[in-house]
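Overview (structure and organization)
Chain residues, written in single-letter form:
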Amino acid sequence: MNSKTCFVSGLMKDVDEDMIRLTFGEGSKQVESLGLIPISPLNVAHAVGENKTREEYLAAGLIELEQCEYIYMLRSWERSEGARLELEYARLKYVKVLWQSALDQYKQKPEFRKQSRRVKCEQCNSVFDESRIIYLNGVEHCPVCAHTDALLQLHEDGSEYKESEFTKKEAR
Ligand SMILES: [Zn+2]
């Protein structure tokens, strides 16, 4: 399994080519902002070559998907037979599922820009602004390594909180 790669999944059938490039491009950028390497079905299709059947492109995509650690479901996934198939396959292969809709909800929260505390990821030791924490399905993800549940808050000067300083709310 290639770690940190993320397959981008969404509607492609009967969609204008420019629109596909736009939506999958946007999705790929969001995947990168999570610290993951996006695997776009557009590139997979390009590698497979032209004049193949839809089934052949889908099959090639599933082979790529199987090797990814994550799958990123674009908003359009529910309208796409192929994306629904990819989601099912991802679950079968224990590929972790990330949702564009969940990321959107988080960005719309009014408090999103106000947060300014520094946090550290215990997994990869990156230090970053709290506002960069990714919430997916209500779970905190490190924006660098995408690890969950390994975030420590830091003082404004960057020093780490001691365990005794954690409030009840912050304690896990
Ligand atoms: Zn991390």
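Figured I'd write up the structure that's included with this text.

Thresholds, definitions, all that
Residues numbered from 1 in each chain as written. Predicted model: local features only at pLDDT ≥ 70, side-chain atom pairs only at ≥ 80, totals over all residues. Core = buried A, V, L, I, M, F, W, Y, C linked by C-beta atoms within 7 Å. Buried ≥ 20, exposed ≤ 12 C-beta atoms within 10 Å, placed from the backbone. Helix = DSSP H or I, 4+ residues; strand = E, 2+ residues; numbered from the N terminus. Domains from an automatic or database assignment. Pairing = 2+ DSSP bridges. Axes fitted to C-alpha atoms, helices over the stretch in contact; angles between N-to-C directions. Contact = placed C-beta atoms within 7 Å.

Structural notes on the nonpolar core
- Membership of the largest hydrophobic core comes to 30 residues, with the highest contact counts inside it found for Cys6, Phe7, Val8, Cys68, Tyr70, Ile71 and Tyr72.
- If you list the elements that add at least two residues to this core, you get β1 (5-9), α1 (17-33), β3 (70-73), α4 (81-92), β5 (118-121) and β7 (134-136).
- It is β3 that provides the largest number of residues to this core, a total of four residues.
- The residue makeup of this core includes at least three contributed by each of domain 1 (2-107) and domain 2 (113-172).

Points about the environment of Ser159
- Considering the arrangement of structural elements, one finds Ser159 in the segment after β9 (151-154).
- Residue Ser159 is classed as exposed on the basis of its 9 C-beta neighbours within 10 Å.
- Distance from Ser159 to Arg118, taken between C-alpha atoms, is 9.2 Å for residues 41 residues apart in sequence.

A few points about the sheet that holds strand β6 (residues 127-129)
- Strand order in the open sheet made by the three strands is β6-β5-β9, with antiparallel pairing throughout. Only two strands of the sheet have a single neighbouring strand rather than two, namely β6 and β9. Across the sheet, the mean angle separating the axes of adjacent strands is 35° when strand polarity is ignored.
- Relative to β6, β5 is paired through three bridges, and the arrangement is antiparallel. Paired with Val119 across the strands is Phe128, a residue of β6.

As for the sheet that holds β1
- Strand order in the open sheet made by the four strands is β2-β1-β3-β4, with parallel pairing throughout. Looking along the sheet, the strands with just one partner apiece sit at the ends: β2 (37-39) and β4 (96-99). Averaged over all neighbouring strand pairs, the angle between strand axes comes to 30°, with direction disregarded.
- Where β1 meets β3, four bridges bridge the pair, whose relative direction is parallel. Bridging across to β3, Val8 finds its partner in Tyr72.
- Most of the contacts of α4 go to β3, to which it runs at about 150°, and overall it touches β1, β3 and β4.

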